[in-house]
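Structural characterization, general
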2 protein chains.
Amino acid sequence: MLMFVCKQGQPIRLKGFDMNHPATHAQGKPQAIARIRRQYPYNNVVMIGDGITDQEAVEATGGADIFICYGGVVERQNVASRSDWFVRSYDDLMRCLKRYKVAMVGSGAWACAAVRMVAQSTAEAAQSPASCFEPEVTMWVHEEKHSGRNLTEYINEHHENPVYLPGASLGENLIANNDLIETVRGADLIIFCAPHQFMHGICKQLAAAKVVNRGAKAISLTKGMRVRAEGPQLISQMVSRILGIDCSVLMGANIAGDIAREELSEAVIAYTSRDAGVLWQQLFQRPYFAINLLADVPGAEMCGTLKNIVAVGAGMGDGLGIGPNSKASILRQGLSEMRQFCKYISPSVRDDTFFESCGVADVIASCYGGRNRRVAEAWCQRRMAGDQLVSFDDLEKEMLNGQKLQGVLTSDEVQEILEARGWELNFPLFTTINRIIHGEVPPDMILRC
Amino acid sequence: MLMFVCKQGQPIRLKGFDMNHPATHAQGKPQAIARIRRQYPYNNVVMIGDGITDQEAVEATGGADIFICYGGVVERQNVASRSDWFVRSYDDLMRCLKRYKVAMVGSGAWACAAVRMVAQSTAEAAQSPASCFEPEVTMWVHEEKHSGRNLTEYINEHHENPVYLPGASLGENLIANNDLIETVRGADLIIFCAPHQFMHGICKQLAAAKVVNRGAKAISLTKGMRVRAEGPQLISQMVSRILGIDCSVLMGANIAGDIAREELSEAVIAYTSRDAGVLWQQLFQRPYFAINLLADVPGAEMCGTLKNIVAVGAGMGDGLGIGPNSKASILRQGLSEMRQFCKYISPSVRDDTFFESCGVADVIASCYGGRNRRVAEAWCQRRMAGDQLVSFDDLEKEMLNGQKLQGVLTSDEVQEILEARGWELNFPLFTTINRIIHGEVPPDMILRC
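These numbers come from a predicted model, not from an experiment.

Take the overall build of chain A next. Check the secondary structure of chain A and you find 18 helices and 17 strands. Taken along the three principal axes of its C-alpha coordinates, chain A extends 90 × 55 × 50 Å. Across chain A, the mean location of the 45 positive side-chain charges is 5 Å away from that of the 50 negative side-chain charges.

Structure, rendered in structure tokens:
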């Protein structure tokens, strides 16, 4: 708002004030604040200054809510005495801003790859005094032995999970803890990434221990759903219901190992509260990990869940040695049935969701990479070679090194819903995959449905 | 309508008539015909019979339009004399039914794989006297030399196109012809499957020669569009406009070689007239080739066209050695931009179309198989290895054995539209692919758009 004139060869000279700027006239500051309130959805506006007009801006109707007197340049007693808070340094100001404490529940491959990004973000943000995240991130690890030592100890010493994501540095600011309750205690942002069959028990434990802050926010990276007589319950719904907190979801075409190698990838965060969505985006977004925000939680979450069934089907196709046309038709049919299932269960699900990373991209990535595809391929090859005894359980143990195979479990859960509601004929691919899994029809029926 | 009684140990005995059936009482036959007219959209109903009430059914209001007297069982002079036509044999009847003559314009890999299915269908149908197709199918072949002989002669002798689809028998009922006009003369069903840059000239030639029957129907398998100052013109629109006939399109996840090996595949036929769609479905459907009907011609056709650009992008990604996550994100972004482009150009395009074989499945098949991907991968590898002179034209000649690379041409055409309308920023993937093709940005920008 100050105007300077610079004539060739002459020093810069104050010419006057831009008299159109609201701060240059009486009541200009309250007007500026009113304008800010109109343009942005802020609930509280804090005025920081050292002059009497700064202080007066709090007293006007529609003005600021709080006045902080800053004495770092000049200290005016009459202003300071009427302020809500008097500070002499910038750091004092910054320290009063809320910093969110982040906890991760889960320590599998995807949990480790995800928490690695989060720990990078919080460490990076901590270099700015305005960071809204605590640099330290806690992670609950289901304790097991590795090379004769506790896995948590190994992780805290080497900053790496040698069992589920070997070779990837998780960050020195990541603290592993084998106590679920202590990991989550005091956290403001809770990330759930445990296998879905354990999620109900985890939520119940946390609720019983009363460690989850009111006002904490959750995000679920877990794929799967809970089948109940009254209908399926999504993990985000379960978290919200049991813990009484907002729950977003992060879903996308994310193969853990690739993300850990910082291959360019993308995901969506679907939110109920947009503020929460934006906050989670700040936490997860990395130069190699792009995030779109989406207002469709059930759509994104069901996509992430159902695509594991399609990946099992694609793996069966690969086991049969099919070509790109046939495989593409399995993926297409799978995506169509995912869309149909979503719309049956939750009619508000939007078509846009299927064009996002959590939809078509996740189906493709899981059907060309991913462990469900890999195990189903091996299973199918062994079945076709005459080994009628090989089971998905065996192969899970043999090939996945303790990781869980979500696709087979999800197939059973979804089939329970399809059967209960008489929808099987409308979902020929899902139904055929389930029948192949249970040996009711031969694997090559995948091509005939 | 006859009722029989069978008592244990007794011969079957006529009991009476089902008196509710319209044919058992006076004026019952005209009533039955009226019911048929209500239930089906037939324009003409032909009554065939040998009795006086059969003949009378033509004279009643709303009755049949034509009466054919059949004398194969009993010959009644009073009935025969009042008939429109008198026949003694079933074959005479069948021979009067219209049989459609089919012509294929094009002889590349996909044209050969497609005409092979058509020739199988017409040969198979010809075994039934009720077939609506002439068994013989003609194919226009752009003449060239193969092993010192004319390609048409080779095809007609060996029933195989050794240049573009070696190893696949096209059927003895397929007749190759190097004269476009003679190939199409008298055809009722014309299939267009020539590279899109030649389609305008072909249509103009056919129109000038006046060989296309009024009432003939066309279907386009060609991918591409014609860019004009007033906006893009789809091939189906061009055919309709220049030849004045109905034009459907067949699009889908179809790699020619796989279809020729009868790998299970699927496609859509998008129609303007549903009758035409059903007829084309009869002609193309095979046990290994499933066809869905769709009422969205521009959507299906633009999908088939635009996916070639995405396949070029996917090939570039493969050339850079990216993993499934990154590749899935190229495909996803590609599908999103395809959808957006379709909706900008033709707002009536439906979301459903993208879930069909012509949408997501074709994108996947082309981005994992297909020649656009293959050539773009090689181009990118050579560029990254420092060969700044390699061009798509060179590689087309080197790798495609005379086949045309549609993706690069389509990219230029689409980019012309994007530039003319100022849409480039809304299509970052399409635009980046085009800039990489022209060396304006390095190939790894494909991952940064």
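Now that the structure has been shown, we can carry on.
So, on to the nonpolar core. Formed by 102 residues in total, the largest nonpolar core has its most connected members in M316 of chain A together with M316 of chain B. V115, V118, A267 and W280 of chain B belong to the second largest nonpolar core, which has 45 residues in total.

Under the present numbering, the feature "domain: Glycerol-3-phosphate dehydrogenase NAD-dependent C-terminal" (unreviewed entry) in UniProt falls on residues 296-447 of chain A. As annotated, residues 296-447 of chain A has a helix share of 70% and a strand share of 0%, and its two end C-alpha atoms lie 32 Å apart.

With 36 residues of chain B at the contact, the number on the chain A side is 36 residues. Of the roughly 3,000 Å² buried at the junction of chain B and chain A (both faces included), carbon and sulfur atoms supply 59%. Taken together, the links from chain B to chain A amount to 4 salt bridges. A salt bridge links R332 of chain B to E266 of chain A; the shortest N-O distance between them is 2.4 Å. Applying the counting rule to chain B against chain A returns 18 residue pairs in polar contact (both at pLDDT 80 or more). Top element by residues in the side of chain B that touches chain A is helix α13 (residues 324-345) of chain B. It accounts for 10 residues. For the side of chain B that touches chain A, the class distribution of residues is 17 nonpolar, 10 polar and 9 charged.

Residues and elements named next belong to chain A. Here we have 3 strands laid out as an open sheet, ordered β3-β4-β5, and parallel in their pairing. In the strand order of this sheet, the two ends are held by β3 (46-49) and β5 (85-87), each with one partner. On average, each strand axis in the sheet is tilted by 20° relative to the strand beside it, whichever way the strands run.

With that settled, consider the packing of helix α12 (residues 297-320) of chain B against helix α15 (residues 371-384) of chain B. Residue and element names in this part refer to chain B. Taken N-terminus to C-terminus, the directions of α12 and α15 make an angle of 40°; their axes are 7 Å apart at the nearest point. By the angle between their directions, the pair α12 and α15 is classed as oblique. Considering the relative orientation of α12 and α15, their crossing is right-handed. Contacts between α12 and α15 involve N308, A311, V312, A314, G315, M316, D318, G319 and L320 on the former and, on the latter, N372, R373, A376, E377, W379, C380, Q381 and M384. Here the contact of α12 with α15 is built from residues that sort into 9 nonpolar, 5 polar and 3 charged.

Our focus in this paragraph is the UniProt feature "domain: Glycerol-3-phosphate dehydrogenase NAD-dependent N-terminal" (unreviewed entry) in chain A. Under the present numbering, the feature "domain: Glycerol-3-phosphate dehydrogenase NAD-dependent N-terminal" (unreviewed entry) in UniProt falls on residues 101-274 of chain A. For residues 101-274 of chain A, the end-to-end C-alpha separation is 19 Å, with 34% helix and 29% strand making up the annotated structure.

How two aromatic rings sit relative to each other is given by the distance of their centres and the angle of their planes. Summed over all chains, the structure comprises 21 aromatic pairs over all chains. With a centroid separation of 4.7 Å and an interplanar angle of 70°, the aromatic rings of Y344 of chain A and W423 of chain A are classed as edge-to-face. Of this pair, Y344 of chain A sits in helix α13 (residues 324-345) while W423 of chain A sits in the loop between α17 (406-421) and α18 (428-437), and the two are 79 residues apart along the sequence. For the pair Y100 of chain B and F133 of chain B, a centre-to-centre distance of 6.4 Å together with 50° between the ring planes defines the contact as tilted. With Y100 of chain B in strand β6 (residues 100-105) and F133 of chain B in strand β7 (residues 133-140), this residue pair connects regions lying 33 residues apart in the sequence. Residue F133 of chain B is classed as buried on the basis of its relative accessible area of 3%. A cation sits over an aromatic face here: K327 of chain A above Y368 of chain A, 3.9 Å from the ring centre.

What follows is about unusual backbone geometry. Residue and element names in this part refer to chain B. One non-glycine residue with positive phi stands out, namely S147, at about 50°. With respect to the helices, strands and loops of the structure, S147 is situated in the loop between β8 (145-146) and β9 (149-150). According to the relative accessible area criterion, S147 is exposed, its value standing at 64%. The backbone of H159 sits at a positive phi, close to 55°, despite the residue not being glycine.

The next point concerns the relation of the copies chain B and chain A. It takes a turn of 180° to lay chain B on chain A, together with a shift of 0.1 Å along the axis; the resulting RMSD is 0.2 Å. Such a combination of turn and shift is consistent with a two-fold rotation axis. A share of 100% of the interface residues of chain B reappears at the interface of chain A, consistent with the copies meeting face to face through the same patch.

On to the pattern of salt bridges, then. On inspection of all chains with the given rule, the structure shows 44 salt bridges over all chains. For R435 of chain A, the salt bridge goes to E440 of chain A, with nearest N and O atoms at 3.8 Å. For D362 of chain B, the salt bridge identified is with K307 of chain B, shortest N-O distance 3.1 Å. With D362 of chain B in helix α14 (residues 357-368) and K307 of chain B in helix α12, the pair connects residues that are 55 residues apart, well separated along the chain. Assigned by exposure class, D362 of chain B and K307 of chain B land together as buried. Several salt bridges converge on common partners, so that one network encompasses R339, K343 and D351 of chain A together with R350 and D352 of chain B.

This structure, assessed with the given rule, holds 0 disulfides over all chains. Here C367 of chain A is not cross-linked by a disulfide; its sulfur's nearest cysteine counterpart is in C303 of chain A, at 12 Å.

Moving on, we come to the side chain of N308 of chain B. Residues and elements named next belong to chain B. The topology assignment puts N308 in helix α12. According to the relative accessible area criterion, N308 is buried, its value standing at 6%. A distance of 3.1 Å separates the side chain of N308 from the side chain of N372, its partner in a polar contact.

A separate point is the pairing of strand β17 (residues 289-294) of chain A. Residues and elements named next belong to chain A. Alignment of strand β16 (residues 265-270) against β17, held across 6 bridges, turns out to be parallel. Note that in β17 the partner of E266 across the bridge is A290. Assessed by its sense of winding, the connection that carries the chain from β16 through helix α11 (residues 274-284) to β17 is right-handed.

What counts and how
- Residues numbered from 1 in each chain as written.
- Chains lettered and ligands numbered in written order.
- Predicted model: local features only at pLDDT ≥ 70, side-chain atom pairs only at ≥ 80, totals over all residues.
- Heavy atoms only, no water.
- Helix = DSSP H or I, 4+ residues; strand = E, 2+ residues; numbered from the N terminus.
- Lys, Arg positive; Asp, Glu negative; His and termini not counted.
- Charge placed at Lys NZ, Arg CZ, Asp CG, Glu CD.
- Core = buried A, V, L, I, M, F, W, Y, C linked by side-chain atoms within 4.5 Å.
- Buried < 20%, exposed > 50% of the residue type's maximum accessible area, 1.4 Å probe, protein only.
- UniProt positions renumbered as here; feature names shortened; annotations may be inferred.
- Contact = heavy atoms within 4.5 Å.
- Buried area = accessible area lost by both parts, 1.4 Å probe.
- Salt bridge = Lys/Arg side-chain N within 4 Å of Asp/Glu carboxyl O.
- Polar contact = N/O pair within 3.5 Å; in protein donor to acceptor, adjacent residues only side chain to side chain.
- Nonpolar A, V, L, I, M, F, W, Y, C, P; charged D, E, K, R; others polar.
- Pairing = 2+ DSSP bridges.
- Axes fitted to C-alpha atoms, helices over the stretch in contact; angles between N-to-C directions.
- Parallel < 35°, antiparallel > 145°, perpendicular 65-115°, else oblique.
- Left-handed = near helix turned anticlockwise from the far one by under 90°.
- Phe/Tyr/Trp six-rings, centres within 6.5 Å; stacked < 30°, edge-to-face > 60°.
- Lys NZ or Arg CZ within 6 Å of the ring centre and 35° of its normal.
- Least-squares fit on C-alpha atoms with pLDDT ≥ 70 in both.
- Disulfide = S-S within 2.5 Å.
- Right-handed = clockwise from strand over helix to strand, strands pointing away.

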